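Residues per chain, in single letters:
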Amino acid sequence: MERVVGRILFAGVSVSVCCLAAGLLWQWASIGQPRFDYELPHTHIARFLLGELTAVVHGRVSPARLINLGILALLLTPYLRVVLSMVYFVAIERNYKYGIITGFVGTILTYSLFSR
Amino acid sequence: LTIGALFLVSILAGFVGAIGGMGGGIVLIPALTWFGVDIKHAIAISILSVIATSSGSAAAYVRDGLTNLRLGMFLEMFTMLGALAGAALAVSLPSRLLFFLLGTVLLCSAALLWARRKEEWKPPDSQDSLSRWLELEGIYLDHATGGAIEYRAIRAHLGGPLMFLAGMVAGLLGIGAGALKVLIHDLIMKLPPKVSTATSNLIIGVTALAGASVYLAQGLLLPGLAVPVILGVVAGAFLGTRVLVKLPNRVVHRVFFFLLLILGTEVIVRGIRKTP
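This one's a predicted model, so the numbers in the text were calculated from it and none came from an experiment.

Student: Explain the pairing of strand 2 (residues 148-152) of chain B residue by residue, including any values.
Tutor: Residue and element names in this part refer to chain B. Alternating positions in strand 2 separate cleanly, Ile149 and Tyr151 being buried on one face and Ala148, Glu150 and Arg152 remaining unburied on the opposite face. In this structure, strand 1 (residues 137-141) lies alongside strand 2, joined through 5 bridges in antiparallel fashion. Directly across from isoleucine 139, in strand 2, lies its bridge partner glutamate 150. If you look at the hairpin formed by strand 1 and strand 2, you'll find 6 residues sitting between the two strands, and glycine 146 has a positive phi there, around 85 degrees.

Here it is, written out as structure tokens:
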């Protein structure tokens, strides 16, 4: 359990940091300074994620898009941790008590991803 | 406001957050407002920094066996419900009074910790039935003493509802309230200081995430600030985790005491400055 959770958190943070650093360097190389003056879309996290993924699938990649993906990876790391812990508690440890507890936390978190 | 200065401040914020079991808000919010960033934007970025400190430090603490995952997940239920309740109430309650109340709680807790500064942590004699049913116990290898330390949490029936209150304060005031969580682990549930810090670091991530969507939807998260802050905080948090595992529990307690003093004063000053 500890190993799985530790790896999820480490992977999430690594992806986030890599996206942010790459976006920053790209921006620096293209406009000569590491600045970002755009705004993020005024919407909840779920739609933000959907919008960015659609853009990437259509091959639209830019420094700002990498930054957005980095921020999203950071936001979704704790979420993934909760969801995968629930799966682990139920499927591997057969600890239904904690399966229910993490399921509850996961439900509230899912709801909060849509709140605005 | 240069990106380099932001990065350095964020390293400090992540470092302090990882050692104190809180987000970097205690450092970041005053520093950003001092740089001339609007307080609303500063709070939104601080929410992001809490998630970064939490995931960055918890990744290491979980691997080191310092975080008690079951305790964290049990308490997350309460703190998240509290955060949602707090966010819903935020418009109708006088936040000035709340800042004073929170400041007083933090300073009183600091006084309590100071009074007990000579006591070393020792495991409680017996565990109540609810805490035992929830399997709230653990063992970790203390790098400072070289020995394995066994512990059991007690009073889960008090810890849960108090965590709800801590989550509510976080939702109401837009702060991480990690300090309150460490206090509950420490004073009520009798966890060893390092486990208190590490487990609080795990919990603050989901509490902050529950509020993050609202800040994003209101357009308060500025990517120009977010990039250097996240990168700095993650680096600082990583450094912090390497230091914490080596510190004796007594020193962890002492550091936390000073952080409480600073935070309590800061919160009261914010209450005074706020126009009602």
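Student: Report on unusual backbone geometry, specifying residues and quantitative values.
Tutor: Here the phi dihedral of arginine 94 of chain A falls at roughly 55 degrees; this positive angle occurs in a residue that is not glycine. Turning to its location among the elements, arginine 94 of chain A is positioned in the loop between helix 3 (63-92) and helix 4 (96-113). Of the residues examined, arginine 94 of chain A reaches a relative accessible area of 54% and is grouped as exposed. The backbone of lysine 190 of chain B shows a phi angle near 60 degrees, a positive value even though the residue is not glycine. Within the secondary structure, lysine 190 of chain B is located in the loop between helix 8 (178-188) and helix 9 (193-217). Exposure remark for lysine 190 of chain B: the relative accessible area of 25% places this residue in the partly exposed category.

Student: Describe a nonpolar patch on the surface, naming the residues involved and giving the relevant values.
Tutor: Residues and elements named next belong to chain A. A cluster of nonpolar side chains, Trp26, Val56 and Val61, forms an exposed patch at the surface whose accessible area comes to about 250 Å². Residue position: valine 61 is located in the loop between helix 2 (45-57) and helix 3. In this structure valine 61 comes out as partly exposed when scored by relative accessible area, which is 47%.

Student: Kindly report on the interface of chain A and chain B, identifying the contributing residues and their values.
Tutor: Across the boundary between the two partners, chain A contributes 49 residues, which contact 43 residues of chain B. For the pair chain A and chain B, the two sides together bury roughly 4000 Å², of which 79% comes from carbon and sulfur. At the junction of chain A with chain B, the criterion picks out 7 residue pairs in polar contact (both at pLDDT 80 or more). The set of elements that each furnish at least two residues to the side of chain A that touches chain B consists of helix 1 (2-31), helix 2, helix 3 and helix 4 of chain A.

Student: Just give me the short version of the pattern of salt bridges, but keep the residues and values in it.
Tutor: One pass over the structure, following the stated rule, counts 4 salt bridges over all chains. For arginine 35 of chain A, the salt bridge identified is with aspartate 37 of chain A, shortest N-O distance 3.1 Å. You can call arginine 35 of chain A partly exposed: its relative accessible area is 42%. Overall, the relative accessible area of 62% leaves aspartate 37 of chain A in the exposed class. Measuring nitrogen to oxygen at the nearest pair gives 2.8 Å for the salt bridge that ties arginine 81 of chain A to glutamate 76 of chain B. Of this pair, arginine 81 of chain A sits in helix 3 while glutamate 76 of chain B sits in helix 4 (residues 69-89), placing the two residues on different chains.

Student: Please set out the nonpolar core residue by residue, giving values where relevant.
Tutor: With 122 residues, the main nonpolar core has Ile71 of chain A together with Phe74, Leu106, Leu136, Leu209 and Ile230 of chain B as its most contacted residues. Tallying contributions element by element places helix 3 (residues 39-64) of chain B first for this core, with 13 residues. Once you skip the residues sitting within four places of it in the chain, leucine 106 of chain B turns out to touch Ala179, Leu180, Leu183, Leu260, Leu263, Gly264 and Val267 of chain B.

Student: Explain helix 4 of chain B to me, and be specific about the residues and the numbers.
Tutor: Its 21 residues place the ends of helix 4 of chain B 30 Å apart at the C-alpha level, agreeing with the 30 Å of an ideal helix rising 1.5 Å per residue. N-capping of helix 4 of chain B is provided by asparagine 68 of chain B, with a side-chain oxygen placed 3.3 Å from the backbone N of arginine 70 of chain B.

Student: How would you sum up the packing of helix 3 of chain A against helix 9 of chain B? Please name residues and give values.
Tutor: Relative orientation of the contacting elements helix 3 of chain A and helix 9 of chain B amounts to 120 degrees, with a least axis distance of 9 Å. Viewed along their axes, helix 3 of chain A and helix 9 of chain B form a crossing whose handedness is left-handed. Contacts between helix 3 of chain A and helix 9 of chain B involve Leu75, Pro78, Tyr79, Arg81 and Val82 of chain A from the former and Leu202, Gly205, Val206, Leu209 and Ala212 of chain B from the latter.

Student: Give me the lowdown on the packing of aromatic side chains, citing residues and values where you can.
Tutor: The relative placement of two aromatic rings is captured by the distance of their centres and the angle of their planes. Under the counting rule described, the total for this entry stands at 5 aromatic pairs over all chains. For the pair phenylalanine 89 of chain A and tyrosine 98 of chain A, a centre-to-centre distance of 5.5 Å together with 35 degrees between the ring planes defines the contact as tilted. Like tyrosine 98 of chain A, phenylalanine 89 of chain A is buried. Summarising the aromatic geometry, the rings of tryptophan 34 of chain B and phenylalanine 35 of chain B are spaced 5.9 Å apart at their centres and angled 50 degrees between planes, so their arrangement reads as tilted. A relative accessible area of 73% places tryptophan 34 of chain B in the exposed class. Over the ring of tryptophan 133 of chain B we find lysine 97 of chain A; its NZ or CZ atom is 4.5 Å from the centre of that ring. Lying over the aromatic face of phenylalanine 238 of chain B, arginine 242 of chain B brings its terminal NZ or CZ to 5.9 Å of the ring centre.

Conventions and cut-offs
- Residues numbered from 1 in each chain as written.
- Chains lettered and ligands numbered in written order.
- Predicted model: local features only at pLDDT ≥ 70, side-chain atom pairs only at ≥ 80, totals over all residues.
- Heavy atoms only, no water.
- Buried < 20%, exposed > 50% of the residue type's maximum accessible area, 1.4 Å probe, protein only.
- Helix = DSSP H or I, 4+ residues; strand = E, 2+ residues; numbered from the N terminus.
- Pairing = 2+ DSSP bridges.
- Patch = residues over 30% accessible without salt bridge, like charges linked within 9 Å, V, L, I, M, F, W, Y side chains within 5 Å.
- Areas by Shrake-Rupley, 256 points an atom, 1.4 Å probe, with all protein chains shown as cover.
- Salt bridge = Lys/Arg side-chain N within 4 Å of Asp/Glu carboxyl O.
- Contact = heavy atoms within 4.5 Å.
- Buried area = accessible area lost by both parts, 1.4 Å probe.
- Polar contact = N/O pair within 3.5 Å; in protein donor to acceptor, adjacent residues only side chain to side chain.
- Core = buried A, V, L, I, M, F, W, Y, C linked by side-chain atoms within 4.5 Å.
- Expected span 1.5 Å × (residues − 1).
- Axes fitted to C-alpha atoms, helices over the stretch in contact; angles between N-to-C directions.
- Left-handed = near helix turned anticlockwise from the far one by under 90°.
- Phe/Tyr/Trp six-rings, centres within 6.5 Å; stacked < 30°, edge-to-face > 60°.
- Lys NZ or Arg CZ within 6 Å of the ring centre and 35° of its normal.

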